[in-house]
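Chain by chain, the residues run as shown.
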Amino acid sequence: MFNNSRKDARPTAEATTLIAACTEIRGDVHFNGHLHVDGKIEGAIRGDGAQARLTLSEHARVTGELQAPHIIINGTVTGDVTASERLELASSARVEGNVFYKVLEMSAGAQINGKMVHRDEAPRQLPKPDSDASVAAT
């Protein structure tokens, strides 16, 4: 009657998890795919995988560090936010902490009380000077 042919069901990039407005979580949350938070979380939230996306609605309240490739905030965060790819701050976003981002989109009305740090893909390094060339030039 029930087909159990998919015994190894793994989350995909399209998988969405909802933490409803009446839900409160105390502890760290690790996720794959898309996590949408309407409730309250006291703990760190970490999105694993290149396609991980974290969305906080205007009702969401998070006390803890956020880490994911793509983060959309429209609620309140008390803690550092690290978006390795893209960070979107909607008009109701309130962040009490440092913000680390590669690409930032910030709407009018969003607030950050902390440092804003842009992170490049890789640190740029100057080529080492050629000691023979510098001696020959003098």
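Residues numbered from 1 in each chain as written. Predicted model: local features only at pLDDT ≥ 70, side-chain atom pairs only at ≥ 80, totals over all residues. Heavy atoms only, no water.

Chemist: Provide a residue-level description of the environment of Val77, including the pertinent values.
Modeler: Counting through the fold element by element, Val77 comes out in strand S10 (residues 76-78). Beyond its immediate sequence surroundings of up to four residues, Val77 is in contact with Leu56, Val62, Gly64, Leu66, Arg94, Val95 and Glu96. (Helix = DSSP H or I, 4+ residues; strand = E, 2+ residues; numbered from the N terminus. Contact = heavy atoms within 4.5 Å.)

Chemist: Tell me about the sheet that holds strand S14 (residues 111-113), and name the residues and values.
Modeler: In spatial order, the strands read S2-S5-S8-S10-S12-S14; together these six strands make up an open sheet with parallel pairing. Because the sheet does not close on itself, it has two edges, and the strands there are strand S2 (24-26) and S14. Neighbouring strand axes in the sheet, compared pairwise and without regard to direction, differ in orientation by 5° on average. (Pairing = 2+ DSSP bridges. Axes fitted to C-alpha atoms, helices over the stretch in contact; angles between N-to-C directions.)

Chemist: Explain the side chain of Ser57 residue by residue, including any values.
Modeler: Mapped onto the secondary structure, Ser57 falls in the loop between strand S7 (53-56) and strand S8 (61-63). The class of Ser57 is buried, set by a relative accessible area of 9%. Reaching out from Ser57, the side chain makes a polar contact with the side chain of Asp38 at a distance of 2.7 Å. Once residues within four sequence positions are removed from consideration, Ser57 is found in contact with His36, Val37, Asp38, Asn74 and Gly75. (Buried < 20%, exposed > 50% of the residue type's maximum accessible area, 1.4 Å probe, protein only. Polar contact = N/O pair within 3.5 Å; in protein donor to acceptor, adjacent residues only side chain to side chain.)

Chemist: So, the side chain of Glu88: which residues are in play, and what are the values?
Modeler: Position of Glu88 among the secondary structure elements: in strand S11 (residues 81-89). A polar atom in the side chain of Glu88 sits 3.1 Å from the side chain of Arg86.

Chemist: An account of the environment of Gly49 is requested, with residue identities and associated values reported.
Modeler: Looking at where Gly49 falls in the secondary structure, it is placed in the loop between strand S6 (45-47) and S7. Residues Gly49 and Phe31, spaced 18 residues apart in sequence, show a C-alpha to C-alpha distance of 8.7 Å. Sequence-distant contacts of Gly49, defined by excluding residues within four places in its chain, comprise Asn32 and Pro69.

Chemist: Explain the nonpolar core to me, using residue names and the numbers behind them.
Modeler: Core analysis: the largest hydrophobic core is formed by 26 residues, its most contacted members being Ile45, Leu54, Leu56, Leu66, Ile71, Ile73 and Leu87. Among the elements of the structure, strand S3 (29-31), strand S4 (34-37), S7, strand S9 (66-73), S11 and strand S13 (99-106) are those that each provide at least two residues to this core. When near neighbours in sequence (up to four residues on either side) are disregarded, Ile45 contacts Val29, Phe31, Leu35, Leu54, Val62, Glu65, Leu66 and Gln67. (Core = buried A, V, L, I, M, F, W, Y, C linked by side-chain atoms within 4.5 Å.)

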